[in-house]
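# Structure at a glance
Residue strings, one per chain:
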Amino acid sequence: MDIEHLLRRSDELDDSIVRMLELDRYPEHGEGAEKLALSVTAASLSIDHARALRSLIADGFVSSAVPLMRLQFESTTRSAWLLFAASDGQVALAAAPLTAAADEAARKLPAAREMIKQLRGVSIAVPAAAAPAAMLGRFEDMQRHALNSFVHVGVHALRRHQDGFPVQLVWQLIECSNGLVTIAAMMLAILTGDRVLAARMNRVHVGFEDCLTPLLPSY
């Protein structure tokens, strides 16, 4: 397996998404549209985490890259939750200026598992929430334990850093990160309000099957 080739293909997927979104003309969501603006920010953060993950892998820091996938997952989940499931009060908490009081209040916002549960709960009334709820739920079920182990320097982190990562696992790490990128890109497309763009983004994976995987392995 050629990891350098996979990283190049991943960058090409990223480039394709950026061209499709035309970020230089991306709509700004200002006052009165905090829900949209926050969802955009979270999705954008997810894509940045993916880019950082690939950079760390390219430089040989795989043990540091794995925890970034949890951050990427949380950012992607937050983007979908803010748009489809968050209440006005929760949006206000997330949008508040950063102060000690606001930080304390924002701790009441749900964690990833609860956000996914709420996404599933609204998916009947909001059909667009069903796909991210299903994909993110599957990811959370299969990856939570291993990713937490890396974040908290558990047995997965210690053993992999000591023994090294099999190439297959590094490959799958990049592919899974790319899968989260496509979800974040879909969120950004939806947030433009352009249905044609959203439909095109829904097929952004076509031609990039070699750097994406439908499976979510454990690390």
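Let us look at the structure shown here.

Calculation notes
- Residues numbered from 1 in each chain as written.
- Predicted model: local features only at pLDDT ≥ 70, side-chain atom pairs only at ≥ 80, totals over all residues.
- Heavy atoms only, no water.
- Helix = DSSP H or I, 4+ residues; strand = E, 2+ residues; numbered from the N terminus.
- Buried < 20%, exposed > 50% of the residue type's maximum accessible area, 1.4 Å probe, protein only.
- Contact = heavy atoms within 4.5 Å.
- Areas by Shrake-Rupley, 256 points an atom, 1.4 Å probe, with all protein chains shown as cover.
- Lys, Arg positive; Asp, Glu negative; His and termini not counted.
- Charge placed at Lys NZ, Arg CZ, Asp CG, Glu CD.
- Axes fitted to C-alpha atoms, helices over the stretch in contact; angles between N-to-C directions.
- Parallel < 35°, antiparallel > 145°, perpendicular 65-115°, else oblique.
- Left-handed = near helix turned anticlockwise from the far one by under 90°.
- Nonpolar A, V, L, I, M, F, W, Y, C, P; charged D, E, K, R; others polar.
- Core = buried A, V, L, I, M, F, W, Y, C linked by side-chain atoms within 4.5 Å.
- Polar contact = N/O pair within 3.5 Å; in protein donor to acceptor, adjacent residues only side chain to side chain.
- Phe/Tyr/Trp six-rings, centres within 6.5 Å; stacked < 30°, edge-to-face > 60°.

A separate point is the overall build of the chain. When helices and strands are tallied, the chain shows ten helices and zero strands. Expressed as a percentage of the 219 residues in the chain, the buried residues total 46%. Restricting the contact set of the chain to residue pairs at least 6 apart, pairs at least 24 apart contribute 78%. As presented, the chain carries roughly 11,300 Å² of accessible surface, and 57% of it is formed by carbon and sulfur atoms. Within the chain, the 25 negative side-chain charges are centred at a point lying 6 Å from the centre of the 21 positive side-chain charges.

What follows covers the packing of helix α1 (residues 3-21) against helix α2 (residues 34-58). Where α1 contacts α2, the two axes come as close as 11 Å, and the packing angle between them is 160°. Here α1 lies roughly antiparallel to α2, going by the angle between them. Between α1 and α2 lies a crossing of left-handed hand. Of the residues in α2, those touching α1 at I3, L7, S10, D11, D14 and V18 are I47, R51, R54, I57 and A58. Looking at the contact of α1 with α2 residue by residue, the classes come out as six nonpolar, one polar and four charged.

In summary, soluble globular proteins display a tendency toward joint burial of nonpolar side chains. Grouped together as the largest cluster of nonpolar side chains are 64 residues, with contacts concentrated most on I17, L21, I57, M69, L173 and M201. When residues of this core are traced back to their parent elements, those giving at least two are α1, α2, α3 (62-84), α6 (112-122), α7 (130-151), α9 (167-191) and α10 (195-201). For this core, the leading source of residues is α9, giving 15 residues.

What follows is about the side chain of S123. Relative to the assigned elements, S123 resides in the loop between α6 and α7. Looking at S123, its side chain comes within polar contact range of the main-chain oxygen of R120, at 2.7 Å. Discounting residues that sit within four places of it in the chain, S123 has contacts with A129 and A130.

Turning our attention to unusual backbone geometry. Residues other than glycine seldom take positive phi values, yet V153 does so here, at roughly 55°. Position of V153 relative to the elements: it lies in the loop between α7 and α8 (155-163).

What follows covers the side chain of S63. Relative to the helices and strands, S63 is located in helix α3. Those residues within four positions of S63 in sequence are excluded, and the remaining contacts are F150, H161 and F165.

Before going further, it helps to spend a moment on the packing of aromatic side chains. All chains considered together, the criterion is met by two aromatic pairs. Here the aromatic rings of F73 and F139 are separated by 5.0 Å at their centres, their planes lie at 20°, and the arrangement is stacked. Within this pair, whereas F73 is found in helix α3, its partner F139 is found in helix α7, the two being separated by 66 residues in sequence. No difference in accessibility class separates F73 from F139, as the two residues are buried.

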